[in-house]
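Examining the three-dimensional arrangement
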Amino acid sequence: MLLCCMKTIKDAVLSFKKQLNDLYGPQEAEAIVMLVLQELTGMSRAKIKAFEDDELPSETADKLPQILQELSTGRPVQYILGSTEFYGLPFLVNAATLIPRPETEELVAWILESQKLKVQDQRPLRILDIGTGTGCIAITLSKNTTNAYVSAIDISPEALRTAERNAIINEAKVDFHNVDILDKNSYQAINNSYDIIVSNPPYVTPADKLRMHANVTDFEPHTALFVPEEDPLKFYIAIADFANTQLDKDGLLFFEINEAFGKETSEMLIAKGFDKIELRQDMSGRDRMIKAIKA
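Here the structure is a predicted model, which is why all the values come from computation and not from measurement. (Residues numbered from 1 in each chain as written. Predicted model: local features only at pLDDT ≥ 70, side-chain atom pairs only at ≥ 80, totals over all residues. Heavy atoms only, no water.)

**Comments concerning the domain arrangement of the protein**
- What the domain assignment lists for the protein is domain 1 (9-73) and domain 2 (88-294).
- Measuring from the centre of the C-alpha atoms in domain 1 to the corresponding centre in domain 2 gives 33 Å. (Domains from an automatic or database assignment.)

This is the structure:
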């Protein structure tokens, strides 16, 4: 089917699936075309399926060939559309930020479920998100807690600008700072005490990269993804050291982790004096997140 002939919803779905099946597989190709059509038409997935013979608005039909061409290069659909959803909230995304993922939603849900957030204290809980990217963790925590003071840091000024825009879009109060967690000389803005520190830091090794899809390795920011093969826990160690001095007693440290290093990350936290280490699996059954308590 020619790209110029995507006049109906059905035409678009068939064209996208034919072009993208080999690159993504049938299931993901269908999810991508549905996401594109939902974004461009404002229709729900159910309505798109129910009215597949309806003609597309001309402005939508005109955009589809260019979008499909970009998708065929492996560029993530979220970057093409410029936004995604996380925990029911809209987030701008771009080449300076990682695309928020469902596994990180699970991490946020765990934090919100934690006993620490259920305690009604005299003062706001103090939460720090390290390596905030789009701001998805910090903003979601701010939106879903009534008594919290949330801060977030990132090494990338471009990512922080995106996070600040996302906070405005979602009407969330978060204080953002340009800080490199590997550089103690940059800590001035975050030399405070915290009840909760959370981070989804870089954890992909070169060996992991060989098994990853090109739409991640070729397009998402490498500084937010990769660590050296010989030092895979470098960010976790730095953050644990920081948390050891800045978390209050009984404060909580949450990490999203590389599934291959659950045991090593747990042992590192124990060695640094953290207590009650809990390793949790994600929806796919992979070791994906850790909670530790400051002794």
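**A few points about helix α13 (residues 262-271)**
- G262, T265, S266, M268 and L269 are the residues of α13 that are buried. Seen from one end, α13 has its buried residues packed into an arc of 160 degrees, which puts them on one side. Exposed residues lying more than 90 degrees from the buried face of α13 are K263, I270 and A271.
- For α13, the elements touching its buried residues are α12 (234-246), β7 (247-256), β8 (274-281) and β9 (287-294).
- G273, located one to two residues past α13, shows a positive phi value of around 95 degrees. (Buried < 20%, exposed > 50% of the residue type's maximum accessible area, 1.4 Å probe, protein only. Helix = DSSP H or I, 4+ residues; strand = E, 2+ residues; numbered from the N terminus. Arc of directions from axis to C-beta. Contact = heavy atoms within 4.5 Å.)

**Thoughts on the UniProt feature "domain: Release factor glutamine methyltransferase N-terminal" (unreviewed entry) in the protein**
- Listed under "domain: Release factor glutamine methyltransferase N-terminal" (unreviewed entry) in the UniProt record, and renumbered for this structure, are residues 16-82.
- Measuring from the first to the last C-alpha atom of residues 16-82 gives 19 Å, for a span that is 76% helix and 0% strand. (UniProt positions renumbered as here; feature names shortened; annotations may be inferred.)

**Some remarks on the side chain of T132**
- For T132, the location among the structural elements is in the loop between β3 (125-130) and α8 (136-143).
- In this structure, T132 is in contact with A138, A152, I153, D154, L160, A163 and F176, ignoring residues within four places of it in sequence.

**Considerations on the packing of helix α2 (residues 26-41) against helix α4 (residues 58-72)**
- Relative to each other, α2 and α4 sit at 145 degrees, their axes nearing to 11 Å. You can see that α2 and α4 cross each other, and the crossing is right-handed. Judged by residue contacts, I32, V36, L37, L40 and T41 of α2 engage T60, K63, L64, I67 and L71 from α4.
- Residue composition of the contact of α2 with α4, grouped by class: seven nonpolar, two polar and one charged. (Axes fitted to C-alpha atoms, helices over the stretch in contact; angles between N-to-C directions. Left-handed = near helix turned anticlockwise from the far one by under 90°. Nonpolar A, V, L, I, M, F, W, Y, C, P; charged D, E, K, R; others polar.)

**Description of helix α6 (residues 102-113)**
- Here α6 is twelve residues long and its end C-alpha atoms lie 17 Å apart, about the 16 Å a rise of 1.5 Å per residue gives.
- Taken residue by residue, α6 has T104, L107, V108, A109, W110, I111 and L112 as its buried positions. (Expected span 1.5 Å × (residues − 1).)

**Some remarks on the nonpolar core**
- Residues I197, F242, L253 and L269 are the most contacted members of the largest nonpolar core, which totals 31 residues.
- Elements that contribute at least two residues to this core include exactly β3, β6 (194-199), α12, β7, α13 and β9.
- The residues touching I197, leaving out its near neighbours within four places in the chain, are L128, I130, I239, F242, A243, L247, L252, L253 and F254.
- Core analysis: the next-biggest nonpolar cluster, separate from the first, contains 28 residues, I127, A172, V174 and M289 among them. (Core = buried A, V, L, I, M, F, W, Y, C linked by side-chain atoms within 4.5 Å.)

**Thoughts on the pairing of β3**
- With six of its six residues buried, β3 lies for the most part within the structure.
- Alternating positions in β3 separate into two faces, L125, I127 and D129 on one and R126, L128 and I130 on the other, with burial throughout.
- Pairing of β3 with strand β4 (residues 148-154) involves six bridges; the strand directions are parallel. In the sheet register, I127 faces β4, and the bridge partner there is V150.
- Crossover β3 to β4 through α8 is right-handed.
- Relative to β6, β3 is paired through four bridges, and the arrangement is parallel. In the strand pairing of β6, D129 is matched with V198. (Pairing = 2+ DSSP bridges. Right-handed = clockwise from strand over helix to strand, strands pointing away.)

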